[in-house]
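These are the residues of each chain, in order.
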Amino acid sequence: MEAYLEEHLRAVLADMGGAPDDFAIAFEKPNNPEHGDLATNVALKLARHFRRAPRQIAEEIAARLTARVDPARVAAVEVAGPGFLNFRFAEAYLTDRLADLLAAGEDYGKIDEGRGRRALVEFVSANPTGPLTVGHGRNAVLGDTVANLLEWTGWAVTREYYFNDAGRQMRVLGESVRARYRALVDPDLPVKRIKRGEDDFVEVPESFPDDGYLGDYIIAIAEALYAEHGASLGEEDVEPFKKAAEEVIFADIAATLRRLGIEMDTFFNEHTLYENGKVWEVVEALREKGYVYEKDGAVWFKTTELGKDQDTVLIKSSGEPTYRLPDIAYHVDKFERGFDRMIDVFGADHIATYPDVLAAVRLLGYDADRVEVILYQFVTLVRGGAPVKMSTRKATYVTLDELMDEVGEDVTRFFFLMRSPHTHLEFDLDLAKEASEKNPVFYLQYAHARICSILRKAEEVGFTFGETPDLTLLTHEAETGLMKTLFELPEVLRRAAAAKEPHRVANYLREVAVAFTQFYGHCRIIGEERALATARMHLAQAARHVLRNGLTALGISTPERM
RNA sequence: GCGCUUGUAGCUCAGUUGGAUAGAGCGUUGGAUUCCGGUUCCAAAGGUCGGGGGUUCGAAUCCUCCCAAGCGCGCCA
């Protein structure tokens, strides 16, 4: 419709003496229904160009446009306010689109904008040092849902998890397990106390690292090792302990993700970047460009020349790279794999690192604009009205699994999605548990279940989808209102995907549910005469498709009964 | 001190490319319902869009200064 109107509008403007060459015509959906179905401000924009009052220009455009457009599509062109042009759609246009929606069914909302192009979404990317926490949850759900949205808009998407199992973190993890294991082998070994928080101490074996991981899962891993190997594990080598911990923890992470409906396509181990030499190639390439130098035995990246106030270290004087270097090499690898778009999801604490990575990638000749970052603000967990400090190492966290146990998988996903990624998310655990019955996700699922119930019942009393409906019977305000809301789905999904903001879909679905309940309140199906009932059945079915497709894109289930 | 993000109703948050009377949920108050699912609906009250200045036909939205909060600013990741 917008393309149709734009075409005629441009023709009209040409007749009136022409608009500037680069003149953009924008349409918007008015908030106020009295302002029609679509509006444009072209007359306001052109006031200066034509040197006439906007209102006067609008009148002339409206008159010329009315003579051109097909009355079966556009019922009215009106001038309002300071010079807006408001368009009112013809009923026939609505029913045609409803038929299209019903024909598309479970594919309604899919567009092929990204057809033939490949996107990589990298998310979660937590090192396997412990179970996923609430903080990871926002990352996981955002990444997966953005991937879904890209798929709905035609992209071929790869979901990737990047991790490092060779660094210091992992060594400490192995040492933590080993210390617990030793205590099992010899319960009489001396113990010490580690401070976990204010007046909160934990008793650990003496060989336990001071910055070790205190979670109970470490003890469980040690117990499993003891059960399997007895006292036979060589205690000097930390490797078997690390390996065992990594395996167990990764399996746990994968299970948590699966529970959330997330299936990764690839797991990328940072280690491969050392094995294939990519890391050193990056250093040399940057050195050739003149952006690398050595000082104090370390290798530095001249980020000051890129606008930062300090240079950054790529390789420590110990010879060990900092995380930044493999990060750069990793992104180079992504480019070499030929992705058209690369999306990184990470928390606000990583804000400082990615400009370096992008700058390096750009220096190496890649189009850094293809790398997009979803930077989400932190989740503050609130329990009993007070914020909970969370640390994986100190095991003072709430795991994602615990959260799902408490509020359910669908609520967990929806909760992380209903707000813009760049606002701080206050997660009140007590409220989340207690309010589960009035949680917005239930409202949406309930609307869907109710539609299913109505359709079941309608079929029981003899109405059927086999009959071709006469959709022109749908003229009630609640019916046309519902239709107009339903038709927004493709555009909402497109914009949500483009902006990488799933919360737009969540907000929209609420509008759909509201529009449906209004329809439900005013228009009955069972009890109406056959033709009208059949038409309304189809409208309800259309609402069901939209709710289902939208919720599916968000990764949320759509039960037929609740 | 510098950088990024945020500041909108009592609370939690939407607000698209600068548009018309700034919206929703929760909460509060009042009301509806013999009904296809009461996990429902309707209505009211509630606003200095953090503050000042600027840009223009028009600003919550863009620019600038100030205030406040979160995060970051390491040869940790």
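Focus on the confidence of the model for chain A
Stage number 1. Overall, the predicted model of chain A reaches an average pLDDT of 89, with 96% of residues at or above 70.
Stage number 2. For this predicted complex, the interface confidence score (ipTM) comes to 0.92, while the overall pTM stands at 0.92.

A few points about the sheet that holds strand 3 (residues 74–80)
Stage number 1. An order of 1-2-4-3 is seen for the 4 strands of this open sheet, with the pairing classed as antiparallel. The sheet is open, and its two borders are formed by strand 1 (27–28) and strand 3, each paired with just one other strand.
Stage number 2. Across 6 bridges, strand 3 lies against strand 4 (residues 84–89) in antiparallel orientation. The residue of strand 4 that forms the bridge with Ala-80 is Phe-84.
Stage number 3. Along the sheet, helix 4 (residues 54–68) makes contact with strand 3 and strand 4, crossing strand 3 at roughly 170 degrees.

Points about the protein's contact with RNA strand B
Stage number 1. Around RNA strand B, a shell composed of 56 residues is seen, among which Tyr-323, Arg-419, Tyr-446, Arg-495 and Tyr-520 lie nearest.
Stage number 2. Looking at RNA strand B alone, sugar and phosphate atoms form 55% of those within 4 Å of the protein.
Stage number 3. Here a sugar or linking oxygen of RNA strand B sits 3.4 Å away from a polar atom, N or O, in the main chain of Ala-348.
Stage number 4. For RNA strand B, a base nitrogen lies 3.3 Å from a polar atom in the backbone of Ile-525.
Stage number 5. If you list the elements that add at least two residues to the surface near RNA strand B, you get strand 1, strand 4, strand 11 (298–301), helix 17 (440–460) and helix 20 (503–522).
Stage number 6. Ranked by the residues each element gives to the surface near RNA strand B, the list is headed by helix 17, at 7 residues.

Side note on the packing of helix 6 (residues 134–152) against helix 19 (residues 489–499)
Stage number 1. At a minimum axis separation of 9 Å, helix 6 and helix 19 run at an interaxial angle of 125 degrees. Classified by the interaxial angle, the pair formed by helix 6 and helix 19 is oblique. With respect to the hand of their crossing, helix 6 and helix 19 are arranged in left-handed fashion. For the pair helix 6 and helix 19, the contacting residues are Leu-149, Leu-150 and Trp-152 in the first and Leu-493, Ala-496 and Ala-497 in the second.
Stage number 2. Tallied by class, residues from the contact of helix 6 with helix 19 come to 6 nonpolar, no polar and no charged.

Conventions used here
Residues numbered from 1 in each chain as written. Chains lettered and ligands numbered in written order. Predicted model: local features only at pLDDT ≥ 70, side-chain atom pairs only at ≥ 80, totals over all residues. Heavy atoms only, no water. pLDDT = per-residue confidence, 0-100. Pairing = 2+ DSSP bridges. Helix = DSSP H or I, 4+ residues; strand = E, 2+ residues; numbered from the N terminus. Contact = heavy atoms within 4.5 Å. Axes fitted to C-alpha atoms, helices over the stretch in contact; angles between N-to-C directions. Near = heavy atom within 4 Å. Polar contact = N/O pair within 3.5 Å; in protein donor to acceptor, adjacent residues only side chain to side chain. Parallel < 35°, antiparallel > 145°, perpendicular 65-115°, else oblique. Left-handed = near helix turned anticlockwise from the far one by under 90°. Nonpolar A, V, L, I, M, F, W, Y, C, P; charged D, E, K, R; others polar.

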